[in-house]
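Listed below, chain by chain, are the residues.
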Amino acid sequence: MKFVDEYRDADGARRIAREIDAVTTQPWTIMEVCGGQTHTIVKSGLEELLPRNITLVHGPGCPVCVTPAALIDRAVEISLDPGVIFASFGDMLRVPGSSHSLLQARARGADVRIVYSPLDAVALAREHPERQVVFFAVGFETTAPANAMAVWQARRHGLTNFTILVAHVLVPPAMRAILESEDCRVQAFLAAGHVCAVMGWVEYEPIAARYRVPVVVTGFEPMDILEGIRMAVAQLESGRAEVENQYRRAVQRRGNRHARELIAEIFEVGPREWRGVGAIPESGLRLREPYLEFDAEKRFGAPPSAVPAENECIAGLVLRGLRRPPECLAFGNRCTPDAPLGAPMVSSEGACAAYYLYRRMRVRS
Amino acid sequence: MKLHCPFPAASEEHILLAHGGGGRLTQQLIDRVFRPAFANPLQQAEHDGAILPPASAHLAFTTDSYVVHPLVFPGGNIGDLAINGTVNDLAMCGARPLYLSAGFILEEGLLVKTLQVVVSAMSAAARRAGVAVVTGDTKVVERGKADGIFINTAGVGIVEAPSPVSPAAIASGDAVILSGDIGAHGVAILSVREGLEFEGEIASDTAPLWQEVRSLLDAGIELHCLRDLTRGGLATSLNEIAVARGAAIRIREVAIPVRESVQGACEILGLDPLYVANEGRFVAFVPERDVTRALAVLPRGVRIGTVHPDPAGLVLLESRIGATRMLDTLTGEQLPRIC
């Protein structure tokens, strides 16, 4: 398939891996920020091609994983209101809050629907004026423009039965939080190509400069990621710390102006709790004052304050790149996708689930 | 898609609870809809069951229930599935499908016209597969207690494979042959269910598989195991077999055919075609020496892998870029991803 096959080519992948090998003189630890990239790395077995002294650690870029349990509890509670249609992207449905997931709520009678776009949720609200439609606005900057557009359209249609439960998180504050933690191992970042397609990479320039860390905007196919690694290693080996763009077919320095303007019109930056990581200042989006009527937390009440995790899950360490999933004692025995202790084992983009699904036999051996 | 209905149009007539009550309306439904569609000499109107002729070999017997939504989808409807699914389960036992039962649970308010379309498809599928529907039953449940039509079919077939076809017969070194491209059925259903529009319609692959199995037997191929790739797709079927046999199955991703339209839809939806359901595809485990002849018989067949002794119970996939990973059983249902 065009635009896919040429980035999954075995010969091409081996060629880039050899180039990485040729320039690597010492051990380097590189973090890919995005869960989609983690998924590609583990699924296609990229690490088998890399030289042994390149270590990839997996970042916090799985929106499903970092959505706090308290917010999922709130979503479950709202969904169980008989007057509500609760709409969500599919992979949020299986994630447990402190007691239930949205799938379990559906089994208990909640009207929970999978949509492919927040605009489908707006359409639901127009079709069902007698019901309240709530959309779970989860994601990084990638999904923010479509969620902003949903609110914009709801205002234009004069809808009074549409709200969004906002769980938006931002990448640059999370990268700063990782770099500022005392035990940070990360020496270079692969930035998430989709996020940068929206936002560009201007925000990353001060990060690269201040923390002396190379940042390579990287795509999602195996050869994209290998090339991103090659560019990051080249910078590390030559002592440079710049922002470079591997994902040239999709990303420009200033991103998508229309999308950024729409986000800025509807949302503003605010504090946000990250599951497994904790509160990070200025790391999320919330609705601006003129759009608060579309805020589900205003209409249905705010979530209770975060419930601290009481099990042995080390999600916080995994999401900050301090541990790899197989290093967790519960991995694959007390924690599996069927009975997860934490979100990274649930989401299809979660690092623990990726290792469990694709690499379990290696971990065992 | 065109559905030809040989029955008199019943305008906007709806199924009533009384259609399942056993009285006059039930009889009318049988006479108007079911009997003409499934007419065959073994159907005995005044009897509680069908009397089948004596068999000369082992019998295979299977049952399956069909609850698909929507009832009609590109490439078929629930009626096609209800015949082909059970026919294929028999074929996977190395058995020639012969007789089927059909049990219907209808929801009050269903259009009789819709039932006729479904029954008409069953009639055509049964003819194509060479099976007779020899007995049946109809119940009607209150509106809201079912989703239009639920169908159960059970089937009897006569085993024609000379040696047992089952995971236990698989030997180390056996080749894994896939009968054609995968993923079309699941994507066809999903595209209608979710109202997704793709360029070029993706039609279900629903089809009877006995002829393909029979032609493998005719070619003298030693069939060790057969499995149709329904719920959970290729990945799940291979895992079931690897566990049942206590062997490892190694397959190559590049060898697995996926039509571009199906691949594209899966890319957009964040689904893996290896886990998407098929209704007209199977894998065959055959000895290495039979591979060439097997591929000559199956026009769309491809060899995708080989059976190894270790690591027992696992399916390993060589990825496109040449690395090896596990191909696990699906956890829950595949859910579309956020981004």
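This one's a predicted model, so the numbers in the text were calculated from it and none came from an experiment.

Overview of the overall build of chain A
Then step 1. The helix and strand tally for chain A stands at 15 helices and 11 strands.
Then step 2. Over its C-alpha atoms chain A spans a radius of gyration of 20 Å, differing by no more than 12% from the 21 Å that the globule rule assigns to 365 residues.
Then step 3. Structurally, chain A occupies a C-alpha span of about 65 × 45 × 45 Å along its principal axes.
Then step 4. Within the span of chain A, comprising 365 residues, buried residues form 55% of the whole.
Then step 5. Long-range contacts, defined as pairs at least 24 residues apart, comprise 78% of the intrachain contacts of chain A with a sequence gap of at least 6.

Side note on helix α8 (residues 171–180) of chain A
Given 3.6 residues per helical turn, the α-helix brings residues three or four places apart onto the same face.
Then step 1. Of all the positions in α8(A), only A:Val171, A:Pro172, A:Pro173, A:Ala174, A:Met175 and A:Ile178 are classed as buried.
Then step 2. If you follow the buried residues of α8(A), they end up packed against β1 (28–34), β2 (54–61), β7 (188–192), α9 (193–199), α10 (204–211) and β11 (278–287) of chain A.

Comments concerning the domain arrangement of chain B
Residues and elements named next belong to chain B.
Then step 1. By domain assignment, chain B separates into domain 1 (17–159) and domain 2 (167–326).
Then step 2. Computed over C-alpha atoms only, the centres of domain 1 and domain 2 are separated by 28 Å.
Then step 3. Contact with domain 1, which involves 21 residues of that partner, is made by 21 residues of domain 2.
Then step 4. The element that contributes the greatest number of residues to the side of domain 1 that touches domain 2 is helix α2 (residues 78–91), accounting for 7 residues.
Then step 5. Its residues assigned to classes, the side of domain 1 that touches domain 2 comprises 11 nonpolar, 7 polar and 3 charged.

A closer look at the domain arrangement of chain A
Residues and elements named next belong to chain A.
Then step 1. Domain annotation of chain A identifies domain 1 (5–63 + 181–245), domain 2 (65–170 + 255–300) and domain 3 (315–360).
Then step 2. Between domain 1 and domain 3, the C-alpha centre-to-centre distance is 21 Å.
Then step 3. Counting residues at the interface gives 16 residues for domain 1, matched by 15 residues for domain 3.
Then step 4. Those elements that place two or more of their residues in the side of domain 1 that touches domain 3 are α2 (35–44) and β2.
Then step 5. At 6 residues, the largest contribution of residues to the side of domain 1 that touches domain 3 is made by α2.
Then step 6. Residue composition of the side of domain 1 that touches domain 3, by class: 6 nonpolar, 7 polar and 3 charged.

Side note on unusual backbone geometry
Then step 1. A cis amide bond links B:His69 to the next residue, B:Pro70, at an omega of 0°.
Then step 2. Within the secondary structure, B:Pro70 is located in the loop between β1 (59–66) and β2 (72–73).
Then step 3. Here the residue pair B:Asp310 and B:Pro311 is connected by a cis peptide bond, since its omega of -10° sits within 30 degrees of zero.
Then step 4. On the secondary structure map, B:Pro311 appears in the loop between β11 (302–308) and β12 (315–318).
Then step 5. Even without being glycine, A:Arg212 reaches a positive phi, approximately 55°.
Then step 6. On the secondary structure map, A:Arg212 appears in the loop between α10 and β8 (215–218).
Then step 7. On the basis of neighbour count, A:Arg212 is assigned to the exposed category, with 12 C-beta atoms found within 10 Å.
Then step 8. Even without a glycine there, the phi angle at A:Glu282 is positive, about 50°.

Some points on the sheet that holds β11(B)
All names here are of chain B.
Then step 1. The mixed open sheet is built from 7 strands, whose spatial order is β8-β10-β7-β11-β9-β12-β13. With partners counted over all chains shown, the strands left at the sheet margins are β8 (225–228) and β13 (324–326), one partner each. The mean angle between the axes of side-by-side strands here comes to 25°, regardless of whether they run parallel or antiparallel.

A short note on the sheet that holds strand β4 (residues 95–107) of chain B
All names here are of chain B.
Then step 1. Strand order in the open sheet formed by 4 strands is β1-β6-β4-β5, and the pairing between neighbours is mixed. Looking at which strands have only one partner, the edges of the open sheet turn out to be β1 and β5 (132–141). Ignoring which end each strand starts from, the neighbouring axes of this sheet average 15° apart.
Then step 2. Where β1 and strand β6 (residues 149–159) come together, 8 bridges link them in antiparallel fashion. Each residue of the ladder has a partner; that of Tyr-66, found in β6, is Ile-151.
Then step 3. Contacting β1, β4 and β6, α2 crosses the sheet at an angle of about 30° to β6.

Considerations on helix α4 (residues 184–193) of chain B
Residues and elements named next belong to chain B.
Then step 1. Of all the 10 residues making up α4, 7 are buried; the element is thus mostly covered by neighbouring parts of the structure.
Then step 2. For α4, every residue scored as buried is listed here: Ala-184, His-185, Gly-186, Val-187, Ala-188, Ile-189 and Leu-190.
Then step 3. Of the surrounding secondary structure, the elements contacted by the buried residues of α4 are β2 and α7 (260–269).
Then step 4. Where α4 terminates, the next one or two residues include Gly-195, which has phi positive at roughly 65°.

Re the pairing of β8(A)
Residues and elements named next belong to chain A.
Then step 1. Residue alternation in β8 divides its side chains into two sets, Val-215 and Val-217 and Val-216 and Thr-218, and both sets are buried.
Then step 2. Note: β7 against β8, 4 bridges, orientation parallel. Residue Ala-191 lies in a different strand from β8, and its bridge partner there is Val-217.
Then step 3. For the crossover from β8 across helix α11 (residues 222–238) to strand β9 (residues 243–245), the handedness is left-handed.

Thresholds, definitions, all that
- Residues numbered from 1 in each chain as written.
- Chains lettered and ligands numbered in written order.
- Predicted model: local features only at pLDDT ≥ 70, side-chain atom pairs only at ≥ 80, totals over all residues.
- Helix = DSSP H or I, 4+ residues; strand = E, 2+ residues; numbered from the N terminus.
- Rg over C-alpha atoms; globule rule 2.2 N^0.38 Å.
- Buried ≥ 20, exposed ≤ 12 C-beta atoms within 10 Å, placed from the backbone.
- Contact = placed C-beta atoms within 7 Å.
- Domains from an automatic or database assignment.
- Nonpolar A, V, L, I, M, F, W, Y, C, P; charged D, E, K, R; others polar.
- Pairing = 2+ DSSP bridges.
- Axes fitted to C-alpha atoms, helices over the stretch in contact; angles between N-to-C directions.
- Right-handed = clockwise from strand over helix to strand, strands pointing away.

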